[in-house]
Structures are given as C-alpha cells and as structure tokens.
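Below are the chains, spelled out letter by letter.
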Amino acid sequence: MESGLISVDRWKRGSEAYFLTHMHSDNTRGLCSKWSNGPLFCSPTTASLFPSRFPAFDLSLIRVVTLSSWISLSLRTPASGDAFTFHFMAIDAHHCPGSVMFLFRGDFGCFLYTGDFRWDSECDDAKATLADAINHFPVDVLYLDNTYCNPIYNFPSRHLIAPLVADIIASHPSHDIIIGVDSLGKEELLVRISRILNTKIWVWPERLHTMHLLGFKDIFTTDTTLTRVRAVPRQSFSIQTLVELNTMCPTIGIMPSGLPWVKRTYGGDANLSGSLITASYNARKNTNGPRKKNLQTVHKFHDYMYSVQYSDHSCFEEIGDFIKLVQPKSMKGIVASSSCYVDPLYYFGRICGTSQPPELLLMRPQQRRGNKAIPSC
DNA sequence: GCGATCAGCT
DNA sequence: CACAGCTGATCGC
C-alpha cells in the first residue's frame, strides 16, 4: 500500500480518501468549508453535523458510512494509476455522538484505528461487532486512543455517574446548577440526569441546535425559566464565574472530567490543590489486589464546585480489556501530547508478543498532537 | 484576508 | 506539573 493513500483525521492534500472518526476540533483541524481534497467518509451522525459546523462545505464530498458493515473501496494510486481495492468497517466508538473507529483490511493486512473511544460497560454492540470482524481478520496494527493509558487513570463506567450527579443536584434543592460541557459529547449524562430528576436542561442556542440534529427532543431548552439546571460551555465554567453567579442566586457547578484532581486553585488555597492523583497512585502501588473503584468519583473541591469522574475516553483498565480483545500484532498510540505519555506497549506489549520491545517515553514530543496520518503499509 | 500555528486558560 | 478543548494572538503567504 502506498504511503498516505488514505488519511484518518488528517486533511492535508495527497490522499485519495479521507476518514473522519468524529466531529471534535482536534480531529477536524485542517478541515474548513473550502476543503476539497477528496472523498470524506464518516458516520451518518457526523455527516449530519457538517452543515452547521462548516456552513459552505461541499456536501457532495461526504460518503456516509453504514456502521458495522464491510465496505469495499477502489482507489487509483496517483503514481502508477493502478486500481487499488481494500475494505473497511466503521464501528461505534462510544466516544461522542457519531464517533466511530475504522477497521481496514486489504493486501497491506488489517489495521484498526480507534480514534477516541470509550470501552465501558455499555459498548456490548461494538464489542460483538469488533470481535466478529477480527475473528476472520486478525489485526496487524492497532492505532490506539492512549489518552489515559496509565494505571493512575481509573474511573467508573459512565452509567454509574448520572445518579451521583442527580444526588448532588437533589441535595441542593434551592440552588441553580451549572454543568460544564463541550460543543459535542456528554449528552447521555445530561439525558440521564434529566430523566432521574424529571427536569429539562438549559443549553445555549448553538448547543440546542446540535441537540436537535442529534435527535434529542423536548429534553433541552434555551428558556431559563423552565429549569434550574443549565449545561454551559466548559470554557465559561470557573470558580470565578460561580462566585459571580452566587452574588445573584445560590449556584453550584458540576464539572464532569476524567481527571480527578484540580489543576488550579482559587484564592491561593493550597489545600484545594489536587493530590488525588498521588493518592490513587499510592493505592495502586501499595496493594497487589484489584484497584479500588470509585476513589473520589465525586469530589467537592470548593463550596460552589464539584468534579465528577465522567470521561468519554477509556480508562486504563478498559484500554487493557480492549487490547486483550483485539490481540494486535503491534500497536501505536495516537495521542502524544502528555508529558507522562507512556507507549501502550510498555503496559500491554506482552499481549502483542515480543516482536516489539516496550518503550517508555519520558520526553514530551515536540509536536503537540500525534501525526494521525496512516503511515506506509 | 485566510489558514496554520502557538500561547494561554479552565 | 499533569487532560481536552476552546479562544485569541501572531506569523506567513
């Protein structure tokens, strides 16, 4: 296979086909309304978000992919002009609405590009689809979302979190509530809170439009008089914001995040600074048994602010479960931004056999994001 | 003016 | 210190 013939979440010219795993800004960096480098394959839900995200985008470039089915694609290699045929399948990645991983197979072998994914207890459909697909076609190379590929990152399945958030809200019956969210993702958390508490949830106008595109009806509103629970853009969510809100109306904030500690503190109070990561790490080091779950799943770190461990990325344990299922011959992390980045082979290399020695990377890579192009194969 | 890149913030 | 995702400044064409 010619180098760069297809690209995943990478948009520079030179490829014959482009694949988008999901509509987050890291993955669409380089895409714009005028982009026209080739056909773009994505899930139906991701396709539905294009007109609002890229208003003048040439929709005729989009190839909507049915999930869980093998699809054949013939491309012409620019150098030789020869036809080149391979097969691919999109599998639900359970990261955000429309997110998929792509499984490719052809003369080059079989490889799986996960994009961002969450492999928690509600992914049985994807687990069955993937297990069946790779049963016939073993994976040679796994390109893995290794965001939390470190045993210090451990958090519960997402469905366990909504009742905890609902408890926080119910225990503040006369408070307004704000929950920090991004432009896409964490919808199921909000829906579950809405059901448990039988309340609508306020979102900002653009987010309501997205909710309607995603098929959510009646749960979300832009009318502040209908609910005391509001989902707000994460970048507008801070203790400073909450302090100001509390001068007008008692308000608490709830921040869902995979990270259990606090990066910044308010008013210089060092006691608020997050030492949880150390506590979690020591708990792991000091016991040879299974890690304790739910360690600080809910953390109140300020009078007005709670954090809950809710992530759309897999935790360490789930990454291990995923690799054990896939049994790849080799693998490579696709996230290289963290200074505590660890090559997945360091922890899970033995599952791949001994063909690749584990490598512990201690240096921050110069590039902020990993190169997500599929290399030559 | 536009896109790409980077610094900064939560 | 640390993540992911967004905003806004800056640079180069």
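Since the model is a prediction, treat every value here as computed from it, not as a measurement.

**So, the environment of serine 15**
Reasoning step 1: On the secondary structure map, serine 15 appears in the loop between strand S1 (6–8) and strand S2 (17–19).
Reasoning step 2: Assessed through its relative accessible area of 6%, serine 15 is described here as buried.
Reasoning step 3: In this view, serine 15 contacts Gly4, Leu5, Ile6, Ser7 and Asn37; residues no more than four positions away in its chain are not counted.
Reasoning step 4: Of note is the side chain of serine 15, whose polar atom sits 2.7 Å from the side chain of serine 7.

**Observations concerning the pairing of strand S6 (residues 83–92)**
Two faces, one strand: in a regular strand the side chains alternate between the faces of the sheet.
Reasoning step 1: In terms of strand pairing, strand S5 (residues 71–76) meets S6 through 6 bridges, oriented antiparallel. Bridged to serine 72 within S6 is histidine 87.
Reasoning step 2: Two elements, S6 and strand S7 (residues 100–106), share 6 bridges in a ladder whose sense is antiparallel. Bridging across to S7, methionine 89 finds its partner in leucine 103.

**As for the sheet that holds strand S9 (residues 141–144)**
Reasoning step 1: What the 6 strands build is an open sheet, ordered S5-S6-S7-S8-S9-S17; its pairing is mixed. The two strands at the open ends of the sheet, each matched to only one other strand, are S5 and strand S17 (330–333). Strand-to-strand twist of the sheet, defined as the mean angle between neighbouring strand axes without regard to direction, takes the value 20°.
Reasoning step 2: Contacting S6, S7 and strand S8 (109–113), helix H4 (residues 124–136) runs over the sheet at an angle of about 150° to S6.
Reasoning step 3: Packing of helix H10 (residues 316–326) onto the sheet brings it into contact with S7, S8, S9 and S17, and relative to S9 it is tilted by some 160°.

Calculation rules
Residues numbered from 1 in each chain as written. Chains lettered and ligands numbered in written order. Predicted model: local features only at pLDDT ≥ 70, side-chain atom pairs only at ≥ 80, totals over all residues. Heavy atoms only, no water. Helix = DSSP H or I, 4+ residues; strand = E, 2+ residues; numbered from the N terminus. Buried < 20%, exposed > 50% of the residue type's maximum accessible area, 1.4 Å probe, protein only. Contact = heavy atoms within 4.5 Å. Polar contact = N/O pair within 3.5 Å; in protein donor to acceptor, adjacent residues only side chain to side chain. Pairing = 2+ DSSP bridges. Axes fitted to C-alpha atoms, helices over the stretch in contact; angles between N-to-C directions.

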